[in-house]
Amino acid sequence: MQIIPAKTPDFVKALFPNFIWNINTKNKEIYLTFDDGPTPEITNWVLDLLNKFDAKATFFCIGSNIDKHPDIFNTIIKEGHSIGNHTYNHLKGWKHKTKVYLNDIEDTQALINRNISLITNKDANSLSRVKLFRPPYGKFKSKQSKLIQNLGYKIILWDVLSYDWDKSISEEACLNNVITAAKEGSIIVFHDSIKAFPNLKYALPKVLEHFSNQGFRFKRINEAE
């Protein structure tokens, strides 16, 4: 069976200690994350499945997709999941000037805050104190990362990568990437995107069932982490 290493090596985590790679806990808790949405039908499918398992997750949303699909974005919020910033245009940080990159992030956060404010009746300005950010492709310039943190963002990377978007990976391998690598406190990356959906549709239900049967809870990442 095709298996691609999915777990982030400890030495990589040690090189970037200011990033959040996993949640430090001995409890049976796992942190599912979904990048690149909201996407019609796919994000809805994910939300319905999470509800069946009483699972919470964190959605790292692309700003342009929030603008296109505000109803789906609002459903994510209403169902009690966390929201993270994934830039407005899914930018590659290393290919853009820092000012352009930061503006793209801040525009997205303003959009996120406005939508959350409308649903929760909280002042949008009060929502910007602690913010979650994941760089597209997991890469950006060192200077960019420092400035992003200075703006109050927690940079969330991952402990386990499912590779669900990779068409060269079978659905069974996608599942095994997660099953074999995840443990207490793992942050796992899936994508609620069209490209990832064939593997996601196969792997996610089985991941939820497998770890639920082992007594794990699926929690969202929040400002307390």
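In this report, we go over the structure that sits alongside the text.

What counts and what doesn't
- Residues numbered from 1 in each chain as written.
- Predicted model: local features only at pLDDT ≥ 70, side-chain atom pairs only at ≥ 80, totals over all residues.
- Heavy atoms only, no water.
- Helix = DSSP H or I, 4+ residues; strand = E, 2+ residues; numbered from the N terminus.
- Buried < 20%, exposed > 50% of the residue type's maximum accessible area, 1.4 Å probe, protein only.
- Axes fitted to C-alpha atoms, helices over the stretch in contact; angles between N-to-C directions.
- Parallel < 35°, antiparallel > 145°, perpendicular 65-115°, else oblique.
- Contact = heavy atoms within 4.5 Å.
- Nonpolar A, V, L, I, M, F, W, Y, C, P; charged D, E, K, R; others polar.
- Pairing = 2+ DSSP bridges.
- Right-handed = clockwise from strand over helix to strand, strands pointing away.

Moving on: unusual backbone geometry. Cis geometry marks the peptide bond from Gly37 to Pro38; its omega dihedral reads 0°. As for its placement among the helices and strands, Pro38 is situated in the loop between strand E1 (29-35) and helix H2 (42-52). In this structure, Asp54 takes a positive phi of about 50° despite not being glycine. Position of Asp54 among the secondary structure elements: in the loop between H2 and strand E2 (58-61). Residue Asp54 is classed as exposed on the basis of its relative accessible area, which comes to 67%.

Moving on to the packing of H2 against helix H8 (residues 197-213). Where H2 meets H8, the closest approach of the two axes is 11 Å, and the angle between their N-to-C directions is 10°. Considering the angle they form, H2 stands roughly parallel to H8. Counted together, Ile42, Trp45, Val46, Leu49 and Leu50 of H2 and Phe197, Leu200, Lys201, Leu204, Pro205 and Leu208 of H8 form the full contact between these two elements. Its residues assigned to classes, the contact of H2 with H8 shows 10 nonpolar, no polar and 1 charged.

Residues of E2 alternate between two faces, with Thr58 and Phe60 on one and Phe59 and Cys61 on the opposite face, all of them buried. Of the pairings in the sheet, the one linking E1 to E2 comprises 3 bridges and is parallel in character. Bridge assignment links Thr33 to a residue of E2, and that residue is Thr58. What joins E1 to E2 is H2, and the crossover it makes is right-handed. For E2 and strand E3 (residues 82-85), the ladder comprises 4 bridges, and the chain directions are parallel. Counterpart to Thr58 in the pairing with E3 is Ser82.

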